[in-house]
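Each chain, letter by letter, is given below.
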Amino acid sequence: MLDHYITTNSILPTSTIQRLVSKGVPEGIREEVWFWLSGGSSVALERNPHYKDLLDQDGGFGELIDLDVSRTFCEEKNWQKKGGAKILKRLLRAYSVRNPMVGYCQGMSYVAALLIDCCSEEVAFCCLCALIEDGPMPPDYYTSLKGAVVDRLVLEELAEQYLKGLCGALENEQRSLSEFSFLTIPWYLCLFTATLPVDVSTRIWDFYLANGMCVIFRVSLGILMVAQGPIVSGEDSLNDLRDLIEKSINELGVCDVPDYCTAFNKVTNTVIDVMRESKRKEIEKEEEVDRKFGRKTDNMDRCFLTVKDSPEPTEKVDDDYFQVEKRRADSGGSSGRRGERLMQELGDFMMATFPAGRRRRKGERRLQNM
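Procedures and definitions
Residues numbered from 1 in each chain as written. Predicted model: local features only at pLDDT ≥ 70, side-chain atom pairs only at ≥ 80, totals over all residues. Heavy atoms only, no water. Helix = DSSP H or I, 4+ residues; strand = E, 2+ residues; numbered from the N terminus. Buried < 20%, exposed > 50% of the residue type's maximum accessible area, 1.4 Å probe, protein only. Contact = heavy atoms within 4.5 Å. Areas by Shrake-Rupley, 256 points an atom, 1.4 Å probe, with all protein chains shown as cover. Core = buried A, V, L, I, M, F, W, Y, C linked by side-chain atoms within 4.5 Å. Domains from an automatic or database assignment. Axes fitted to C-alpha atoms, helices over the stretch in contact; angles between N-to-C directions. Parallel < 35°, antiparallel > 145°, perpendicular 65-115°, else oblique. Nonpolar A, V, L, I, M, F, W, Y, C, P; charged D, E, K, R; others polar. Phe/Tyr/Trp six-rings, centres within 6.5 Å; stacked < 30°, edge-to-face > 60°. Arc of directions from axis to C-beta. Salt bridge = Lys/Arg side-chain N within 4 Å of Asp/Glu carboxyl O.

Attention now goes to the overall build of the chain. Across its full length, the chain carries 23 helices and zero strands. Counting across all 370 residues of the chain, residues that qualify as buried make up 51%. Sequence separation of 24 or more characterises 79% of the internal contacts of the chain that already satisfy a separation of 6 or more. Surface summary for the chain: the accessible area is close to 17800 Å², and the carbon and sulfur share equals 48%.

Glancing now at the nonpolar core. Among the nonpolar cores identified, the biggest contains 108 residues, and Tyr142 and Trp205 are the most heavily contacted of them. Tallying contributions element by element places helix H17 (residues 214–233) first for this core, with eleven residues. A domain split of this core shows at least three residues from each of domain 1 (1–134) and domain 2 (146–278). Setting aside residues up to four positions removed in sequence, Tyr142 forms contacts with Val102, Cys105, Gln106, Met108, Val111, Ile132, Met137 and Leu189.

Glancing now at the packing of helix H9 (residues 108–118) against helix H16 (residues 198–211). Two elements in contact, H9 and H16, have axes separated by 11 Å at closest approach and are oriented at 90°. On the basis of the axis angle, H9 is roughly perpendicular to H16. On H16, the residues touching Val111, Leu114, Leu115, Asp117 and Cys118 of H9 are Val198, Ser201, Thr202 and Trp205. Its residues assigned to classes, the contact of H9 with H16 comprises six nonpolar, two polar and one charged.

Another point: unusual backbone geometry. The backbone of Gln174 shows a phi angle near 55°, a positive value even though the residue is not glycine. Within the element layout of this structure, Gln174 appears in the loop between helix H13 (164–172) and helix H14 (178–181). Located in the positive-phi region is Leu191, a residue other than glycine, with phi close to 55°. Mapped onto the fold, Leu191 is located in the loop between helix H15 (185–189) and H16. Exposure remark for Leu191: the relative accessible area of 0% places this residue in the buried category.

Let us look at the packing of aromatic side chains. Under the defined criterion, the tally for this structure stands at eleven aromatic pairs. When the centroid spacing of 6.1 Å and the interplanar angle of 65° are considered together, the rings of Phe73 and Tyr110 count as edge-to-face. A residue pair is termed long-range when its members are at least 10 positions apart, and Phe73 in the loop between helix H6 (62–69) and helix H7 (77–81) and Tyr110 in helix H9 qualify at 37 residues. Ring pairs connect the aromatic residues Trp34, Trp205 and Tyr208, which therefore count as one cluster.

Turning next to helix H18 (residues 241–250). Note on helix geometry: an α-helix contains 3.6 residues per turn, so any two residues three or four positions apart are oriented the same way. For H18, the complete set of buried residues consists of Leu241, Leu244, Ile245, Ser248 and Ile249. Down the axis of H18, the smallest arc covering the buried residues is 140°, so these residues share one side.

Counting through the fold element by element, Met137 comes out in the loop between helix H10 (121–134) and helix H11 (140–143). When its relative accessible area of 6% is taken as the criterion, Met137 is described as buried. When neighbours within four sequence positions are excluded, Met137 is seen to be in contact with Tyr142, Tyr188, Leu191, Met213 and Arg276.

Once that is clear, we can look at the pattern of salt bridges. Taken as a whole, this structure holds 15 salt bridges when the rule is applied. Among the ionic pairs, Glu133 bridges to Arg98, the shortest N-O distance being 2.9 Å. Here the residue Glu133 occupies a position in helix H10, and Arg98 occupies one in helix H8 (residues 84–98), the gap between them amounting to 35 residues. Classification of Arg98 as buried rests on a relative accessible area of 19%. Among the ionic pairs, Asp151 bridges to Arg276, the shortest N-O distance being 2.8 Å. Residue Asp151 is located in helix H12 (residues 146–162), and its partner Arg276 is located in helix H20 (residues 269–292); the two are separated by 125 residues in the primary sequence. Neither Asp151 nor Arg276 differs from the other in exposure class; each is buried.

Below, the structure written as structure tokens:
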């Protein structure tokens, strides 16, 4: 199959692809469309090294890969029938050899699994290489998680612009969206493949590969917008927001995907790039302050902890320090216990099983373009 794509060296016109994406890419040609849209074709042309040559080598991540593969798409019957787990192990081990700087990181198994579900093994490998190495996610998305931290902060700022009802309710109770935004980390690390049923995430990927990272942010805003409804109307309180987010995810069906992917159309890739650069500078400034006072802050903390315990500095601090510190919520108790609790919540959130074939309920409103 890979040789056929390279030999023909053909790709559908952009207008045709956009029409297919809008109406739904037929399963029979999805592999070819994804192969070209993802940049997998460039990886295939290089063939350096060849996929089969990588299979005989060990990248040193076998144990971690085996653990994650065992819980990836484990509820999908078609995945089990086609021997998806065995293919996924081979593919991830091969990639850890190809790119030792990244090796393997949690989240990659779901991304690779969706590619395997829609593509042949070697085509899926080429697409994975292209997405991680040259795709819309920064290189440090998997190497240090900083990219995921940046996108969490970008989403929070976008929410302030587009979800004023939710942010206003949070402000009235002197709370912050950061209390809940850590739940979105799996959305970005796994590009919704660990959060939504395969058929729904596949349709989102049609739009994502054709239009870029802005699609992931638009879908995220759509989920949060639906979740904010009962809070703005007064039916529920902010204490129910986590459950409302999960409910919003559960009710997102295949037929809703085009609305979610095209709503918030002012959120473009250019806007995302500018905001990412700004947030990255903020994080680098925090890191500089942390280094100055001998405090080590891991990006895992920034991903999943909503608040941090800040020890009293032993020396005089400057204004820049307080500019950074005032954005950190004050909290009590043990950061270790809090970290364990939040990580457990994140695990429950990621590993939740969602019924396949969900459809929008009759009478349920679609998102409005913004």
